[in-house]
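One letter stands for each residue in the lines below.
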Amino acid sequence: MFTKYLQDAFKVPLVIQLTDDEKCMWKNLSVEESQRLARENAKDIIACGFDVTKTFIFSDFDYVGGAFYKNMVKVAKCVTYNKVVGIFGFTGEDHIGKVSFPPVQAVPSFPSSFPHLFSGKDHLRCLIPCAIDQDPYFRMTRDVAPRIGYHKPALIESSFFPALQGETGKMSASDPNSAIYVTDSAKAIKNKINKYAFSGGQESVELHRKLGANLEVDIPVKYLSFFLEDDAELEHIKKEYGAGGMLTGEVKQRLAKVLTELVERHQVARAAVTDEMVDAFMAVRPLPNMFD
């Protein structure tokens, strides 16, 4: 959603990498299952509303080669084994596929990796919105880029959503109650928030009215900070809830409404994405309206 905002605000071309090879190597999935999941991921991405005339989505299994692979080799020659172990923490038990993967994620930072899009435009600079866990890849990339004659990419890094159970918990695929999924029903969202979202409210209404909520640990407030568009309303909730004027149940009810609307909107958009639409975004072709 944030990347969609950037594309709309700056009216720029967008390249989205689906690292299906990484999933295959790290998750112990088959090549075929990794490719299938990549296309499913692409449908969720497309459902966010990206402009097909300014967006190229590619999977590593399908696209890596040619100019892209040449850049991979240039990056690989600049990073020693000791350095990659220091950055990513690889051990002697890791297979060599993991050690060789970082250049694959690095080189989409460079326009020359996509000659069908940016031929003769090597001067273009790249902005990468990503989660904080991807930082090691692009610190490596920024270190290498000037040594092979390219601009360093810039990054906007996002923090993680906390698990519903609180900052000490961890979102986990093995615990469906640790997170809200874009496939959840309205009933499931409401139930998860009411039952599992860690509250900073006090133990009794009387005590809560007196002391107010601890906003530093309250998960519903943290989620509203991400998803509630109205900044004035968010500040009002924080002020009232922190002072004891609002109860935990009221804040959770507001969050459930906000997330239900967002998830249902996404589900409708996702259902409308066809395989033909995925093929259109992933087709290797020039983008005619790149800089309009």
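Below: a short report on this structure. (Residues numbered from 1 in each chain as written. Predicted model: local features only at pLDDT ≥ 70, side-chain atom pairs only at ≥ 80, totals over all residues. Heavy atoms only, no water.)

## Some details on the overall build of the protein chain
Along the backbone of the protein chain there are 16 helices and four strands. Taken along its principal axes, the extent of the C-alpha atoms in the protein chain is 65 × 45 × 35 Å. The 292 residues of the protein chain split such that 39% are buried. Here the contacts in the protein chain between residues at least 6 apart in sequence split such that 74% fall between residues at least 24 apart. (Helix = DSSP H or I, 4+ residues; strand = E, 2+ residues; numbered from the N terminus. Buried < 20%, exposed > 50% of the residue type's maximum accessible area, 1.4 Å probe, protein only. Contact = heavy atoms within 4.5 Å.)

## Some details on the packing of aromatic side chains
All chains considered together, the criterion is met by 20 aromatic pairs. Centre to centre, the rings of Tyr63 and Phe68 are 5.7 Å apart; their planes meet at 90°, and the pair counts as edge-to-face. What makes Tyr63 buried here is its relative accessible area of 15%. On the basis of an interplanar angle of 25° and a centroid distance of 5.6 Å, the ring pair of Phe88 and Phe90 is categorised as stacked. Exposure class is identical for Phe88 and Phe90. Each is buried. (Phe/Tyr/Trp six-rings, centres within 6.5 Å; stacked < 30°, edge-to-face > 60°.)

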